[in-house]
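Listed below are the residues making up each chain.
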Amino acid sequence: KNKRTLGNTHTHTIIRYDTGLKSPNRRIEKLDEILSDTTYLVPGGFSLADVAVSSYLLYVIQFFPNVEFHSRWPNVVRYMKDCAGRDGYGKAFGSNTQGFCLAKLEEMEKSGGGEKEKKLFGMF
């Protein structure tokens, strides 16, 4: 938390959020290891565990676009793509959100997780 003063009379607080995924993360590394030989978390197919875990991971790529997964956790990216591609995900979150997530994950896979060129305002 940082406080900044605007002029002489107004103060606002800047809150910085951290996903915990920019630095080494044992939990995500373990998840990637588990997903290296299985499609979903629980034997027998897609389950409530997958809904909970994938919802968090897919939230991260929507609201924290600079978090890079693929170079460190390729199995997690494949898993997120499998979960986001399900009909139920589209019904629950809408086709626009589903399309955005799938496109973002496809981009991660194609780029191999390399650093993207940063552009001013995302355009220049």
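To start, this report covers the structure provided alongside it. These numbers come from a predicted model, not from an experiment. (Residues numbered from 1 in each chain as written. Predicted model: local features only at pLDDT ≥ 70, side-chain atom pairs only at ≥ 80, totals over all residues. Heavy atoms only, no water.)

## With respect to helix α5 (residues 95–111)
- Across its 17 residues, α5 extends 24 Å between first and last C-alpha, which sits within 8% of the 24 Å expected from 1.5 Å per residue.
- Check the buried side of α5 and you find it contacts α2 (48–63), α3 (74–84) and α4 (87–93).
- One or two residues past the end of α5 sits G112, with phi positive at roughly 70°. (Helix = DSSP H or I, 4+ residues; strand = E, 2+ residues; numbered from the N terminus. Expected span 1.5 Å × (residues − 1). Contact = heavy atoms within 4.5 Å.)

## A word on the pattern of salt bridges
- On inspection of all chains with the given rule, the structure shows 4 salt bridges.
- Residues K81 and E106 are paired through a salt bridge, measuring 2.5 Å at the closest nitrogen-oxygen approach. Linking K81 in helix α3 with E106 in helix α5, this pair joins segments that are 25 residues apart in sequence.
- Under the relative-accessibility criterion, K81 is labelled partly exposed at 22%.
- Judged by relative accessible area, E106 falls into the partly exposed class, the value being 29%. (Salt bridge = Lys/Arg side-chain N within 4 Å of Asp/Glu carboxyl O. Buried < 20%, exposed > 50% of the residue type's maximum accessible area, 1.4 Å probe, protein only.)

## Let's talk about α2
- With 16 residues, α2 should cover 22 Å at 1.5 Å per step; its first-to-last C-alpha distance of 23 Å lies within 8% of that length.
- Those residues of α2 lying buried are D50, S54, L57, L58, V60 and I61.
- Contacts made by the buried residues of α2 are with α1 (26–34), α3, α4 and α5.

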